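What follows is each chain in one-letter form.
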Amino acid sequence: QVQVVESGGGLVQDGGSLRLSCVASGSTFNVVAIAWYRQAPGKQRELVASISFDSVTNYLDSVKGRFTISRDNAKNTVYLEMNSLKPEDTAVYYCNAGAVLGGTYYPYSSSWGPGTQVTVSS
């Protein structure tokens, strides 16, 4: 199995930038997809971005052009570079290991860790 730990969240001003990191353990990291989700209080968890084992990416429409997901297999790390942040991006961000099949991301597990809080002030 792949275990993930999120970091990099914090408080940033409207229009600012943050880079989130998802550090993974497990020998299968290089052949799995990784996704970032986010959830704001009272709202549904939503898939923000995913990256396949061969670095094919997909993004939530509202973050296209602002967020970039990438992976560094040598460091077992997936990054989410977030630019032009808006207050609407405020949420707890989670990463998750899974697979992309037929263009759809499927998580391996329905359990979630603590995530990392991103707060964008106006």
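So, here is what we can say about the structure in this document. Just so we're clear, the structure is a prediction, and the values are computed from it rather than from any experiment. Once a new chain begins, its residue numbering starts again from 1 and follows that chain's sequence as written. The predicted origin of the model limits local features to residues at a pLDDT of at least 70 and limits the giving and counting of side-chain atom pairs to 80 or more, whereas totals for whole chains, interfaces and linings rest on all residues. Hydrogens and waters are ignored; side-chain quantities use all the structure's heavy atoms.

Now for the environment of T119. Comment: elements are numbered from the N terminus, with helices defined as DSSP H or I runs of at least four residues and strands as E runs of at least two. Tracing the backbone shows T119 in strand β11 (residues 116–121). Buried residues are those whose accessible area, probed at 1.4 Å on protein chains only, stays under 20% of the maximum for their type, while exposed residues exceed 50% and partly exposed ones sit between those limits. Judged by relative accessible area, T119 falls into the partly exposed class, the value being 29%. Through-space distance from the C-alpha of T119 to that of L11 is 4.8 Å; in sequence the pair is 108 residues apart. Beyond its immediate sequence surroundings of up to four residues, T119 is in contact with G10, L11, V12 and T90. Contact criterion: two residues are considered in contact whenever any of their non-hydrogen atoms come within 4.5 Å of each other.

Here, strands pair whenever DSSP counts at least two bridges between them. In terms of strand pairing, strand β9 (residues 91–101) meets strand β10 (residues 104–107) through four bridges, oriented antiparallel. Opposite G98, over in β10, you have P107 as the bridge partner. Two successive antiparallel strands, β9 and β10, enclose a turn made up of two residues, where G102 displays a positive phi of approximately 60 degrees.

Disulfide assignment relies on a single distance test, namely cysteine sulfur atoms paired within 2.5 Å. Here the structure, examined in full by the defined rule, presents one disulfide. Between the sulfur atoms of C22 and its disulfide partner C95 the distance amounts to 2.1 Å. Taking the sign of the torsion about the S-S bond as the criterion, the disulfide between C22 and C95, at about 80 degrees, is right-handed. Of this pair, C22 sits in strand β3 (residues 18–25) while C95 is found in strand β9, placing the two residues 73 residues apart along the sequence. In this pair, the class of C22 matches that of C95, namely buried.

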